[in-house]
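# A look at the structure
Okay, here's what each chain looks like letter by letter:
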Amino acid sequence: MTTEQLYNDFLNQLTSIYEKREAANIADWVFEKVTGFKRIGKKLNRDVELEKDAIQKLHKYLAELLQNKPVQYVLNEAWFYKMKFYVNENVLIPRPETEELVEWLVGDVRSLMYNVGYGEFKVLEIGTGSGCIAVSIKKELENIGITAIDISEEALTVANKNADALHTKINFLQNDFLNETLWDLLGIYDVIVSNPPYIPENEKEKLAKNVSAFEPPIALFVENNNPFIFYDKIAKFSRSHLEPKGKIFVEIHEEYAKEVNKIFLAYNFKTQIREDMYGKERIIQAM
């Protein structure tokens, strides 16, 4: 069977669960990973006969994809901030809108560092997961110090793997941030950043199956009766662990910007809400 025949069969099966354009993007990604042929469905190399090992991989990946497993977990890779990160089911798949959180933070910090002047600039990320936020910030701002915490030992293993692969030095710590007795183990920071769990459990049924069935619940969901718990804790923590001119950057649920904003205002922070690329209120800065 030629590469073109394999590709067409692969694509046709994917269209049973994905819209055609998304199916084609996934097929292109998988074939490039397995064969090394870039955009195989649209360019040359269609008549190449693949090795048996490559064909077996394609069949394995297709079987997983047809179970709604995200392609990022199937291939153990995801792109974020123009870098390739290792991911598995212990961490969330990085989203494009989170890149906007990084861009805002980096722009502000760069301005502070070079226009105002700082000594050792310190950043804390709460709930690092794959480490994509911390690593991306460090890549842009090499001279800052970053501490990144997570409750999950498995997630921190992934984060460390990514930091090593992308040659960034980050201080990763296991810490249950909701446990206030552990806050004394952390320092005082110029910037605190977080993309915490913010989806109420009763919204689980609204999510796509490839999200709800595969991504780690501990990184997605919060209890229905206290959906803003992380933001309240971050605001409270920041009263004693944020430098006087420091800033907080958090990603938020698109439907609850006002509620989260009120929390930071109640702790006497000044705030700014920013929309993401889709026009949804997605990021809050507090200072």
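Anything mentioned here points back to the structure above.
Below, the structure is looked at part by part. (Residues numbered from 1 in each chain as written. Predicted model: local features only at pLDDT ≥ 70, side-chain atom pairs only at ≥ 80, totals over all residues. Heavy atoms only, no water.)

## As for the overall build of the chain
Within the chain, the secondary structure is distributed over eleven helices and eleven strands. The C-alpha radius of gyration computed for the chain amounts to 21 Å, which stays within 12% of the reference 19 Å derived for 287 residues, consistent with globular compactness. With the C-alpha coordinates aligned to their principal axes, the bounding extent of the chain is approximately 65 × 40 × 35 Å. Burial status across the chain gives 52% buried among its 287 residues. Summing over all exposed atoms, the chain offers an accessible surface of approximately 14600 Å²; the carbon and sulfur share of this is 47%. (Helix = DSSP H or I, 4+ residues; strand = E, 2+ residues; numbered from the N terminus. Rg over C-alpha atoms; globule rule 2.2 N^0.38 Å. Buried < 20%, exposed > 50% of the residue type's maximum accessible area, 1.4 Å probe, protein only. Areas by Shrake-Rupley, 256 points an atom, 1.4 Å probe, with all protein chains shown as cover.)

## Focus: the packing of helix 10 (residues 229-241) against helix 11 (residues 257-266)
For the pair helix 10 and helix 11, the least separation of the axes is 9 Å and the interaxial angle reads 20°. When the axes of helix 10 and helix 11 are compared, the pair comes out roughly parallel. When the axes of helix 10 and helix 11 are compared, the crossing they make is right-handed. Across the interface between the two elements, Y231, D232, I234 and A235 of helix 10 pack against V260, I263 and F264 of helix 11. Class assignment for the residues of the contact of helix 10 with helix 11 results in six nonpolar, no polar and one charged. (Axes fitted to C-alpha atoms, helices over the stretch in contact; angles between N-to-C directions. Parallel < 35°, antiparallel > 145°, perpendicular 65-115°, else oblique. Left-handed = near helix turned anticlockwise from the far one by under 90°. Contact = heavy atoms within 4.5 Å. Nonpolar A, V, L, I, M, F, W, Y, C, P; charged D, E, K, R; others polar.)

## Some details on the packing of helix 2 (residues 20-35) against helix 3 (residues 52-65)
At a closest axis distance of 10 Å, the pairing of helix 2 and helix 3 adopts a crossing angle of 150°. When the axes of helix 2 and helix 3 are compared, the crossing they make is right-handed. Residue-level contacts link I26, V30, F31 and V34 of helix 2 to A54, K57, L58, Y61 and L65 of helix 3. Residue classes in the contact of helix 2 with helix 3 are distributed as eight nonpolar, no polar and one charged.

## Things to note about the pattern of salt bridges
What the rule picks out here adds up to twelve salt bridges. Note that E64 is salt-bridged to K60, the shortest N-O span being 3.1 Å. Here E64 pairs with K60, and both are found in helix 3, just four residues apart, close to one helical turn. (Salt bridge = Lys/Arg side-chain N within 4 Å of Asp/Glu carboxyl O.)

## Looking at the nonpolar core
With 33 residues, the main nonpolar core has F121, I137, I144 and V193 as its most contacted residues. Among the secondary structure elements, those contributing two or more residues to this core are strand 2 (83-85), helix 5 (96-117), helix 6 (132-140), strand 4 (145-150), helix 7 (153-165) and strand 6 (189-194). Element by element, the count of residues in this core is highest for helix 5, at eight residues. For I144, the residues in contact, after removing those within four places along its chain, are M113, F121, V123, I137 and K138. (Core = buried A, V, L, I, M, F, W, Y, C linked by side-chain atoms within 4.5 Å.)

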